[in-house]
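Examining the three-dimensional arrangement
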Amino acid sequence: MENAFIYTGIFLCVLMLLPLYRAVFGPTVLDRLIGANAIGSKTTALLIMIGLIYQRVDMFVDIALAYATLNFIAVLATSRYFQKRKGLYKE
Amino acid sequence: MDAPVLADMLDFVIAKYNYWGIAALMMIGLYAMIAKNNLVKKIIGMNIFQTAIILFFISIATKWDATIPIIIHGHGAHAHSIHAADYMNPLPHVLMLTAIVVSVATLGVALALAVGIFQRYETLEEDNILEQLKADESNLR
Amino acid sequence: MGVISFVLLLGGLVFYAGGSVGIIRFPDVYSRLHPAGKLDTMGLFMTMSGMALYVLSDWSISALLTALKIMLIVVFIFITSPTATHAMADAGMRAGLVHWSRK
Amino acid sequence: MIWQLDVIILTLVIICGLAAISIRDLLGAAVLFSAYSFMMCLLWAIMGAVDVAFTEASVGAGVSTVFFVAAVFRTTRSSKD
Amino acid sequence: MTDQLPALIIISPLLAALLANIAGWIQKRLCFPAAVAGLLASFLCAAFLMRRVIAGGPVVYRLAGWNPPWGISYYIDNLSGAVLILVSLVALINMLANREVALTMFENRLGAFYSLYLLFVTGLMGIVITGDAFNLYVLLEIASLTGYALIGMGGGRARISSLHYVFMGTIGASLYLFGTGYLYMVTGSLNMADLAALLPQVEKVSLIEISFILCLVGLFIKMAFFPLHAWLPNAYSHAPGPSASLIAPLTTKVMIYVMIRVVLSVYRPEFVFKALPIRDLIIWIAVAAILAGSVMAFKQRRLKRMLSYIIVVEVAYMVGGFWLGNAAGMTGAMLHLLNDAMMTLCLFLAAGSIVSRVMSDEFSYLQGVFQKMPFTMVAFVAGALSVIGVPPTCGFFSKWYLISGGIAAGQYGFAAALIISSLINALLFFRVIEIGYFEPFDMHSHGAEPVFEEASAGMVVPLVATAGLILAMGFYANTLVAWFIEPIVPVVLAGGG
Amino acid sequence: MKRFAFIGVLLFGAVLLYSSFSFPPLGDPHAPANRHVSDDYIRDGMKETAVPNLVTAVLADYRGYDTMFEATVILAAGIACFFLLRRYRRKPAQHRLYRHIDTGVILIIEQGGKEPVDSKEFERIDYHWVPFDLVVNKAAGLMVPFLQLFALYVIFHGHHSPGGGFQGGVIFGATVILLAISRDLRSTTRLFPERTSAFLSSAGLFIYAGTGFACLLLGSNLLDYSALARLLAVDPVMARSHGILLVEIGVGMAVSAIMIWIYYNLASAGRYDEGL
Amino acid sequence: MIGLAKSAEWLREARIGAKLMTFGVCYATWIVLSGRFDAFHLMLGVVSSAIVSMTSSELLFPDVKYANLPRMVLRFFLYIPWLLYQVFLANLHLLYLTFHPRMKEQIDPQIVTFQSRLEGDMALLIFANSITLTPGTVTIYVSVLKKFTVHAIDDPSARALPGRMEEKIEHIFA
């Protein structure tokens, strides 16, 4: 089963390339934000997977929990920026 | 190229690739700090540089086939002996925890300075600021 | 147990893949929010439940608590992810982004 | 230490770092920097440095991105390079 | 309790900083006494500790009760004891002298100011006292962070210079950390004494060389050694008065102390001076630094800016003198380290006092300053004479050691550069004194009659005391060398070569 | 400049690459870095401090002095941000905006005009005003208590699982930042004033340094928690464990307060009127 | 008598009920998080839950009618499986759209507004988040007057609003 987790992890890592493409080349900042958010949600799963590979999940769960919840704050802050300052493209 | 040489190469790459990544990251950070014109960009470069060093320390601390530095079976550990090769080296982790804190602190102060600069000069571009400074000084004369 | 968790994991991966491809393929910010907000959440839900089941497969109190914690992550994600999606959509609306339409 | 994941994530980290310093929009750079620190956190978790990964997760996702966004909010978004 | 003196040296300013921060929000008048009490306690502890060190040799203090390679330890020898006393004394004098200026300058954030001040001093003293390579980095960052804030509060271009300082300082500290990482990788230890014992057994010498160069470049950035000095003049000349006269005397000197410490007690002089081919290179850079710095100081039209370039020159004196590698050169560098802190303090305090009255430090505004501010200017002249190197003052003796060391090592270029820069310094200060003493006030260029007067007693008394200290250090130069420096100058050295 | 920087950076990279060839291989358990001191930490750490998480043990006990200054660095950063940015004298605003809560009518009050009392009916709003967003507001409110609980859990369980004072403190600070983002800065500063953050930041560090100082007063070296055994009535090893807990609480307090403080100063550029 | 009335007043003012409930919820969460059952850690749990319930009980239970609460919770838990099923369907639909080769012809993004008749902030929050999670719709804005602005990815999902979901949620908070 550990091998299965490793392969799943590799698959997720490769999958991260697609949101990363959006984050790097996205025309607007919101696109980048969507990309970063998607990377964050994959990271949460990956952290647990790494824990399973190390066979110490109980230690990694806390990190994933902190991660999943705190990622939200960054997204809120960035979108709050647009709600106050108009204009998605360059100012 | 015959197979053993190739295997050696692979071993070599696996043994060192992290350090090459660190070198690349340090170069990125240093380049941003020296060559970029925008102050926030420089601050980002500074952070990348610091994280690269942290990555270096963590790479030192890894061991193949070792687990994270938290002892299994909490309090019963007196009974059976602990092999040092089974756990990652905790010392660099400690040092880097401190280094991360330092980098966050530096980030805060640097951003505060950048905000202060913007309030005065209305720009974050270094060359524009220097132009304004020059104009100010010639006005004083 | 192992089989179920494996199936859940695979299903989660499919949803994750859909989310990632959708982020690339859809035409504008609003429509990209759909795969980003939903498919990723679903993928996370399935992988997490798969892994929680895997953890439960050797039964003990601490394993149960760990599985519960993993599910706690899912609960939090189910609160935060739609909120984040909503915040992004709202930001786009307020910034004056016009949505893509077929015409 | 899982070297397969390590290699991939290291590559992604370098891409992220390069992108973060070469984007002209500072807010975009801040967002990319947060993605950078997500991946750094992952990298450290892979290498077994749990505490460091935890710190990076809480700092990178929680406060440092918010600091960046707040600073950009109080200054400007545009950048010449 | 005497066993605990080393801990008290560090912990008392730290606690005082916390108290000052709290006091700033409750009752602002309490900040100053708390700060003075913390520094005074620290100074007294340092003095008593010094007595013990002179009597009984180096002191090792094990923090948290762990033995050195496992826990962190303090290591205090004669030089570090002297630098500790120096740091606390300079900080104390400066704090007393700037009481009123700080009160008017930072009215609402007085607590924050004193807190940062004390944390800065804590950081510097921690750097001096520590025996652990990584701990040094942490304290370096404390000193730098507080330094950035203290500098950035000034007007004009203070903020941008401070941000440049942040970038340069972070590169410097990070390079130091990176070098320490190399050391850790090849030895597995962080304690300085342990490192010194382990390093000769390491096979991969190239790694040690690279680590040494990384550390050295990092420290060079931090101490503003010539090609890497760009951040210093702006930062120091635009800093607000109280911070400038604190940071300018201490930061660079402590960094030079760190360099001495790293060379002498981590990498060992045998390795540094014999195995590495960089000695001549550094001495020649120092020569270039002395000449270029003097010329640049000559071009300045503002007092504080001129003084900051003089600091660059003085740093080059010390680095060059130390890298001469013989006993005289090292003694000169260490003695100059002590002296230079005092004279820089004196000059910057005088400049601050002038700025607080004249409201400018441009040369053309200094006309007639001697008549109006006699005590300040007397102290200024004492500091100036010491920088030039005129005999009764302390600057003469250290320069003498440096020059004789240069001649003994066969580095005639270095000796010549020292003499030339002394002449240039004489010209520099003579220009200031001439404007201040001989030129009458020019009505046409400035309008009204100058209205300034002598600075307040709170400022003048510490200033004159500093001038007195400069003279006293000159008179007791031999004692200083015998107590503080001779015991730690390595006996077995390359001598002439 | 750019070309010069590029060449310099390439040179630096070349040096790093050159040195990397003589590095010991990655992950070698017999590399010198993994032998000398760290072996003893791993073998004896649990025995000497009764803390399974070796990182916490080394962080707060063997190298507790470092950690004290780590917390001091953060304190210095917080004070520095305040010192650099805080503006007390601000020019009076052109006009202030008030909103009638029930109807949503916005009053613009010119300078000098009579201002309504900040009461249940009217609330003062930001100049760049974001309409009340129910979803974000409620969801953030729902998350905050759990996040705070989680933060406290992280602070208290640094012994057995990853985490500790710094991480927990950051999460706790992030919760207040979340409130400030989802509501507005003014109401958050009323809940958690600047003064409180200044006090807490000093008080947290005071707990740390005070614990160390208490050890000194009890007759052993600075930060030697085993001296606390007499006070806590436990054996010296457990005293170390409890001392670590005390210290972590101090760090957590300081860090959370300072993160909030830095955010306040950065987001309002020191004016404390309007945040992100 | 007056004392009793006063103390009842004080109880309401101090929101003891809300605080106690927050404490209970927090303590349950703590048990899950902590996973240690020795007295020391349980006591730490009491302390932390107390701290949280002192500082942020208003956030969790702004104003509750205590009588309804158990039934509400029960109904909410019954709602969750249905929601999950709907989410699953929505995701299958979206997955189909994502991998459809001519995707741009299949979708027809549009913005829909409608008036909701739900009452209470919690109900609106649940409704908004459920909309975001289910068939092809993302909530953009919920005004104070309960007007929803929703982005729908295609026609069928736009027409399905507000749909059965609103009834279900109304039923929870009835």
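**Description of the overall build of chain C**
A count of helical and extended segments in chain C gives three helices and zero strands. Counting from the amino terminus, chain C carries its helices and strands in the arrangement α-α-α. Here the C-alpha radius of gyration of chain C, 17 Å, is well above what a compact globule of 103 residues would show, namely 13 Å. With respect to the three principal axes, the spread of C-alpha positions in chain C is 55 × 25 × 15 Å. Taking the intrachain contacts of chain C between residues at least 6 apart in sequence as the baseline, contacts between residues at least 24 apart amount to 69%. Accessible area for chain C stands at about 3300 Å²; split by element, carbon and sulfur atoms hold 74% of it.

**Here we look at helix α21 (residues 457-475) of chain E**
All names here are of chain E. Its 19 residues give α21 an end-to-end C-alpha distance of 27 Å, which sits within 8% of 27 Å, the value for a rise of 1.5 Å per residue. Buried within α21 we find M459, V460, P462, L463, T466, A467, I470, M473 and G474. Against the buried residues of α21 lie α3 (78-97), α4 (99-105), α15 (327-358), α17 (374-388), α18 (394-408) and α22 (477-485).

**What to know about the packing of helix α2 (residues 36-49) of chain F against helix α3 (residues 54-62) of chain F**
Residue and element names in this part refer to chain F. Look at α2 against α3: their axes get within 10 Å of each other, and the N-to-C directions meet at 70 degrees. As the angle between them shows, α2 and α3 are arranged roughly perpendicular. The two elements α2 and α3 meet at a crossing, and its hand is left-handed. Every residue of α3 that contacts α2 at Y41, I42, D44, G45, M46, E48 and T49 is listed here: L54, A57, V58, D61 and Y62.

**Regarding the sheet that holds strand β3 (residues 147-152) of chain G**
All names here are of chain G. Spatial ordering of the open sheet is given by β1-β3-β2, a layout of three strands whose pairing is antiparallel. Among the strands making up the open sheet, the edge pair consists of β1 (110-115) and β2 (137-142). For this sheet, the mean inter-axis angle between neighbouring strands, taken without regard to orientation, is 30 degrees. Bridge analysis of β2 against β3 gives five bridges, and the strand direction is antiparallel.

**With respect to the interface of chain E and chain F**
Listed by partner, the interface residues are 65 residues for chain E and 55 residues for chain F. For the pair chain E and chain F, the summed buried surface comes to about 5400 Å²; carbon and sulfur atoms form 71% of the total. Three residues stand out in chain E for area buried against chain F, namely E:W25, E:W66 and E:W70, and they jointly supply 16% of the buried area on that side. Joining chain E to chain F, the criterion identifies one salt bridge. Across the salt bridge formed by F:R63 and E:D132, the nearest N and O atoms sit 2.7 Å from each other. Counting the contacts that link chain E with chain F gives 20 residue pairs in polar contact (both at pLDDT 80 or more). Contributing elements (two or more residues each) for the side of chain E that touches chain F: α1 (5-26), β1 (59-62), α5 (110-129), α6 (133-152), α7 (158-187), α8 (192-198) and α9 (205-223) of chain E. At 12 residues, the largest contribution of residues to the side of chain E that touches chain F is made by α1(E).

**A short note on the domain arrangement of chain E**
Residue and element names in this part refer to chain E. Assigned domains of chain E: these are domain 1 (1-129) and domain 2 (277-497). Taken together, the contacts link 17 residues of domain 1 with 17 residues of domain 2. Carbon and sulfur atoms supply 81% of the area that domain 1 and domain 2 bury against each other, a total of about 1500 Å² over both sides. Among the residues of domain 1 in contact with domain 2, L79, L86 and I93 are the three that bury the most area, contributing 33% of the side total. Counting the contacts that link domain 1 with domain 2 gives zero salt bridges.

**Examining the interface of chain A and chain C**
Contact with chain A, which involves 45 residues of that partner, is made by 40 residues of chain C. Between chain A and chain C we count three salt bridges in total. One salt bridge in this structure joins C:K69 and A:D62, with 3.3 Å as the shortest N-O distance. Connecting chain A to chain C are eight residue pairs in polar contact (both at pLDDT 80 or more). Element by element, the count of residues in the side of chain A that touches chain C is highest for helix α4 (residues 57-84) of chain A, at 14 residues. By residue class, the composition of the side of chain A that touches chain C is 29 nonpolar, nine polar and seven charged.

**Quick word on the state of the cysteines**
In the structure shown here, the tally under the stated rule is zero disulfides over all chains. E:C346 takes part in no disulfide bond, and the closest cysteine sulfur to it belongs to E:C394, at a distance of 9.6 Å. Among the residues examined, E:C346 registers a relative accessible area of 0% and is labelled buried. Distance from the sulfur of F:C81, which forms no disulfide, to the nearest cysteine sulfur (E:C31) is 20 Å. Owing to a relative accessible area of 0%, F:C81 belongs among the buried residues under this scheme.

Each value, and the rule that gives it
Residues numbered from 1 in each chain as written. Chains lettered and ligands numbered in written order. Predicted model: local features only at pLDDT ≥ 70, side-chain atom pairs only at ≥ 80, totals over all residues. Heavy atoms only, no water. Helix = DSSP H or I, 4+ residues; strand = E, 2+ residues; numbered from the N terminus. Rg over C-alpha atoms; globule rule 2.2 N^0.38 Å. Contact = heavy atoms within 4.5 Å. Areas by Shrake-Rupley, 256 points an atom, 1.4 Å probe, with all protein chains shown as cover. Expected span 1.5 Å × (residues − 1). Buried < 20%, exposed > 50% of the residue type's maximum accessible area, 1.4 Å probe, protein only. Axes fitted to C-alpha atoms, helices over the stretch in contact; angles between N-to-C directions. Parallel < 35°, antiparallel > 145°, perpendicular 65-115°, else oblique. Left-handed = near helix turned anticlockwise from the far one by under 90°. Pairing = 2+ DSSP bridges. Buried area = accessible area lost by both parts, 1.4 Å probe. Salt bridge = Lys/Arg side-chain N within 4 Å of Asp/Glu carboxyl O. Polar contact = N/O pair within 3.5 Å; in protein donor to acceptor, adjacent residues only side chain to side chain. Domains from an automatic or database assignment. Nonpolar A, V, L, I, M, F, W, Y, C, P; charged D, E, K, R; others polar. Disulfide = S-S within 2.5 Å.

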